[in-house]
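# Per-entry structural report
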Amino acid sequence: MSIVELDVALGDRRYPIWIGAGLLDDAQTWRGAIRGKQALIVSDEHVAPLYLERIRAGLAGVTHDAIVLGAGEASKSLENVAGVFDALAALGANRDATIIALGGGVVGDLAGFAAACWMRGVDFLQMPTTLLAMVDSSVGGKTGVNLAAGKNLVGAFHQPRAVVIDTATLATLPVREYAAGLAEIVKYGAIGDADFFAWLESHADELNARDASALAEAIARSCRQKAGVVARDEREQGERALLNFGHTFGHALEAEAGYGALLHGEAVSIGMVQAATLSARLGRAPAADGERLAVLLTRLGQPIAPPRGTDPDALLARMRLDKKNLSGRLRLVLWKGIGKAEVVPDVDEATIRAVLAGA
Ligand SMILES: NC(=O)c1ccc[n+]([C@@H]2O[C@H](COP(=O)([O-])OP(=O)(O)OC[C@H]3O[C@@H](n4cnc5c(N)ncnc54)[C@H](O)[C@@H]3O)[C@@H](O)[C@H]2O)c1
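As the structure is a prediction and not an experimental result, all values here were calculated from the model.

### Points about the packing of helix 11 (residues 264-281) against helix 14 (residues 349-356)
Direction vectors running N to C along helix 11 and helix 14 enclose 130°, while the axes themselves pass 10 Å from each other. Considering the angle they form, helix 11 stands oblique to helix 14. Where helix 11 crosses over helix 14, the handedness of that crossing is right-handed. Contacts from Gln 274, Thr 277, Leu 278 and Arg 281 in helix 11 reach Thr 351, Ile 352, Ala 354, Val 355 and Leu 356 in helix 14. Among the residues forming the contact of helix 11 with helix 14, the class breakdown is 5 nonpolar, 3 polar and 1 charged.

See below:
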């Protein structure tokens, strides 16, 4: 098996990202990242029946147990974190215990948060099984859960000990989830790597067909970019904010459509096109680059316009609540064209509204 190894360079908290097809069965590679003698695997009801036994098989000599959550965003709750704590207590988990997150971003965010809290912080491994989690949520140490009042309101920065990306698990991922992950991959090209963007344009058909070598390349290039950004700006004081390209628009759309109606990646796809359109209107980016972005996302099966009937004023109201805003002024990640993004404070609301209205 060929394994790509990347490094998230965070000094004494540095960690590897391993990428390869069949890695879950290759405990030799990841077993060494478990320092103690106890492990708790956190997974969900779709992923556990498919892959849990493979992890268990690699844990000979480690006392372990598993907790299986319901699938979906509603599981990312404090109640389920408490369930993980109870399972850790039942295991008799000490400070050298390891939590293993086996699943998509929901499982990864929740298990990572539980790891940040248990005994003020224990090790955790990310074993992402969705494309979104492989290229985005499993790398970088943002963990957390939702409250009724909003998404991701409670959380912590807590870096994993290792990220184990078994690309073969993508074979079972539903097509819509898979395609939504491609939108996040496009984001990396759009904001930071024009060559990668062009590569995606020439490999769109292979990616749609889940071609193994194209996928491995796309995932590695995305992770390399994210790892670099995280190493330079772990706590989002600057550059890391650029990873939110399309997200302020996207979050507003997701919430307005009702969570679950649009997948996160789909909302980000629409949001990136809106951000690109706005940037062109403001004279900051070539309109032709926005066209290329929309064409690529469409080829990858992603929506590029809000659902019919979406109210622009409702979207604008939601955008005003974004965490990135300062002193009541809209602060957005805008675009300078393919490969370059920037944070722009105080963007003119009338222009934003016109873009949201599709005018
Ligand atoms: N921490 C971060 O930096 C970060 C970044 C982006 C997103 N997120 C979070 O990630 C979450 C979304 O993650 P997601 O898109 O992975 O969703 P998810 O975890 O809900 O997974 C999507 C669906 O796919 C199923 N699934 C997962 N892997 C599978 C496989 N290999 N085969 C078959 N089915 C499989 C899951 O059971 C679920 O039904 C959100 O909560 C979001 O806030 C976090």
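Resuming the write-up.
### A word on the side chain of Lys 76
In this structure, Lys 76 sits in the loop between strand 4 (63-69) and helix 3 (78-91). Owing to a relative accessible area of 3%, Lys 76 belongs among the buried residues under this scheme. Engagement of the side chain of Lys 76 in a polar contact is seen with the side chain of Asn 152, the distance being 2.6 Å. For Lys 76, the residues in contact, after removing those within four places along its chain, are Val 106, Asp 109, Leu 110, Gly 144, Val 145, Asn 146 and Asn 152.

### Topic: the nonpolar core
Counting 73 residues, the largest nonpolar core has Ile 17, Leu 131, Val 186, Leu 207, Ile 219, Leu 293 and Ile 352 as the members making the most contacts within it. No other element matches helix 9 (residues 212-232), which puts 9 residues into this core. If near-sequence neighbours (up to four positions away) are discounted, Leu 293 is found in contact with Val 186, Ala 190, Phe 197, Met 272, Val 273, Ala 276 and Trp 335. With 23 residues, the next largest nonpolar core counts Leu 40, Val 42, Ala 93 and Ala 111 among its residues.

### Brief notes about helix 11
Taking 1.5 Å of rise per residue, the 18 residues of helix 11 would be expected to cover 26 Å, and the 25 Å separating its terminal C-alpha atoms lies within 8% of that figure. Gly 283 sits one or two residues past helix 11 and shows a positive phi near 75°.

### Quick word on the pairing of strand 2 (residues 15-20)
Of all 6 residues in strand 2, 6 are buried, a share of seventy percent or more. A two-sided burial pattern is seen for strand 2, the buried positions comprising Tyr 15, Ile 17 and Ile 19 on one face and Pro 16, Trp 18 and Gly 20 on the other. Where strand 1 (residues 4-8) and strand 2 come together, 5 bridges link them in antiparallel fashion. If you follow Glu 5 over to strand 2, its bridge partner there is Trp 18. Pairing between strand 2 and strand 9 (residues 162-166): 4 bridges, direction parallel. In the strand pairing of strand 9, Trp 18 is matched with Val 164.

### Brief notes about a nonpolar patch on the surface
Nonpolar side chains collect at one region of the surface, where Leu 78, Leu 147 and Leu 153 lie side by side and expose about 250 Å² of accessible area between them. With respect to the helices and strands, the residue Leu 78 is situated in helix 3.

### A short note on unusual backbone geometry
One non-glycine residue, Asn 152, lies in positive phi territory at about 55°. Examined against the element boundaries, Asn 152 turns out to sit in strand 8 (residues 150-157). A relative accessible area of 37% means that Asn 152 is categorised as partly exposed. Of note in the backbone geometry, Glu 236 takes a positive phi value of approximately 55° without being a glycine. Looking at the element boundaries, Glu 236 is found in the loop between helix 9 and helix 10 (247-257). Judged by its relative accessible area of 26%, Glu 236 is partly exposed.

Reading the values: rules and limits
Residues numbered from 1 in each chain as written. Predicted model: local features only at pLDDT ≥ 70, side-chain atom pairs only at ≥ 80, totals over all residues. Heavy atoms only, no water. Axes fitted to C-alpha atoms, helices over the stretch in contact; angles between N-to-C directions. Helix = DSSP H or I, 4+ residues; strand = E, 2+ residues; numbered from the N terminus. Parallel < 35°, antiparallel > 145°, perpendicular 65-115°, else oblique. Left-handed = near helix turned anticlockwise from the far one by under 90°. Contact = heavy atoms within 4.5 Å. Nonpolar A, V, L, I, M, F, W, Y, C, P; charged D, E, K, R; others polar. Buried < 20%, exposed > 50% of the residue type's maximum accessible area, 1.4 Å probe, protein only. Polar contact = N/O pair within 3.5 Å; in protein donor to acceptor, adjacent residues only side chain to side chain. Core = buried A, V, L, I, M, F, W, Y, C linked by side-chain atoms within 4.5 Å. Expected span 1.5 Å × (residues − 1). Pairing = 2+ DSSP bridges. Patch = residues over 30% accessible without salt bridge, like charges linked within 9 Å, V, L, I, M, F, W, Y side chains within 5 Å. Areas by Shrake-Rupley, 256 points an atom, 1.4 Å probe, with all protein chains shown as cover. Salt bridge = Lys/Arg side-chain N within 4 Å of Asp/Glu carboxyl O.

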